[in-house]
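# Examining the three-dimensional arrangement
So you can see what is in the structure, the chains are spelled out below.
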Amino acid sequence: MNRLYHESEDWVEQGACRQYDPELFFPVSTTGPGRHDAELAKAICRTCTVRRECLQWALRAGEAHGVWGGTTPEERRSMRRELVPAG
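Residues numbered from 1 in each chain as written. Predicted model: local features only at pLDDT ≥ 70, side-chain atom pairs only at ≥ 80, totals over all residues. Heavy atoms only, no water.

## A look at the nonpolar core
Judged by nonpolar contacts, the single largest core of 16 residues is most densely connected at Trp11, Phe25 and Trp57. Breaking this core down by element, the ones donating at least two residues are helix 1 (33–46) and helix 2 (51–61). Sort the elements by how many residues they give to this core and helix 2 lands first, with 4 residues. Leave out the neighbours within four places in its chain, and Phe25 touches Cys17, Tyr20, Ala41, Ile44, Cys45, Gly66 and Val67. (Core = buried A, V, L, I, M, F, W, Y, C linked by side-chain atoms within 4.5 Å. Buried < 20%, exposed > 50% of the residue type's maximum accessible area, 1.4 Å probe, protein only. Helix = DSSP H or I, 4+ residues; strand = E, 2+ residues; numbered from the N terminus. Contact = heavy atoms within 4.5 Å.)

## Comments concerning the pattern of salt bridges
Taken as a whole, this structure holds 3 salt bridges when the rule is applied. One salt bridge in this structure joins Glu13 and Arg18, with 3.1 Å as the shortest N-O distance. A relative accessible area of 51% places Glu13 in the exposed class. Note that Glu74 is salt-bridged to Arg77, the shortest N-O span being 3.7 Å. (Salt bridge = Lys/Arg side-chain N within 4 Å of Asp/Glu carboxyl O.)

## Regarding the packing of aromatic side chains
Throughout the structure, instances matching the rule amount to 2 aromatic pairs. Relative to Trp68, the ring of Phe26 has its centre 6.3 Å away and its plane inclined at 80 degrees; by these criteria the two rings are edge-to-face. Placement of Phe26 in the segment before helix 1 and of Trp68 in the loop between helix 2 and helix 3 (73–83) is noted, with a sequence separation of 42 residues between them. The partly exposed category is assigned to Phe26, whose relative accessible area is 41%. (Phe/Tyr/Trp six-rings, centres within 6.5 Å; stacked < 30°, edge-to-face > 60°.)

## Things to note about the environment of Pro73
Note that Pro73 resides in helix 3. On the basis of relative accessibility, which here comes to 12%, the residue Pro73 falls in the buried class. For the pair formed by Pro73 and Ala58, sequence separation is 15 residues and the distance between their alpha carbons is 9.3 Å. Every residue in contact with Pro73, bar those within four places of it in the chain, is listed here: Ala64, His65 and Gly66.

## Here we look at the side chain of Lys42
Tracing the backbone through its elements, the reader meets Lys42 in helix 1. Residue class for Lys42 comes out buried when judged on its relative accessible area of 11%. Apart from residues lying up to four places away in sequence, Lys42 is in contact with Val67, Gly70, Thr72 and Glu75.

## Re the environment of Ala58
Note that Ala58 resides in helix 2. In this structure, the C-alpha to C-alpha distance between Ala58 and Gly69, residues 11 residues apart in sequence, is 7.6 Å. Filtering out sequence-adjacent residues up to four positions away, Ala58 remains in contact with Glu63, Trp68, Arg76 and Arg80.

This is how it looks when you write it as C-alpha cells:
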C-alpha cells in the first residue's frame, strides 16, 4: 500500500474489495487478458460504499497502479490532466 495512507483513513476497512483477492485489482494490463480482471474489479467498485473516498485517495496519492475507486491508472491520469490548468 502506498505510504501516503494514514491510519485515520478507516474507509479502507469498509471497501467492497476486501472480500476479493487483491490481485484482481492489480491486473497486468487493461487490454488483452487483463481487461477482464480490470472490468470485474471496476464492477466490484461500483457496489462499494466508499468508492468516492477510495478514488479521492488514489488521485491525491498519485496511485499509478491498480483499480481504485472504480478507475484504472489511465482513467486517473486523464482525470488529473483535466484538474490541472493548461499552462
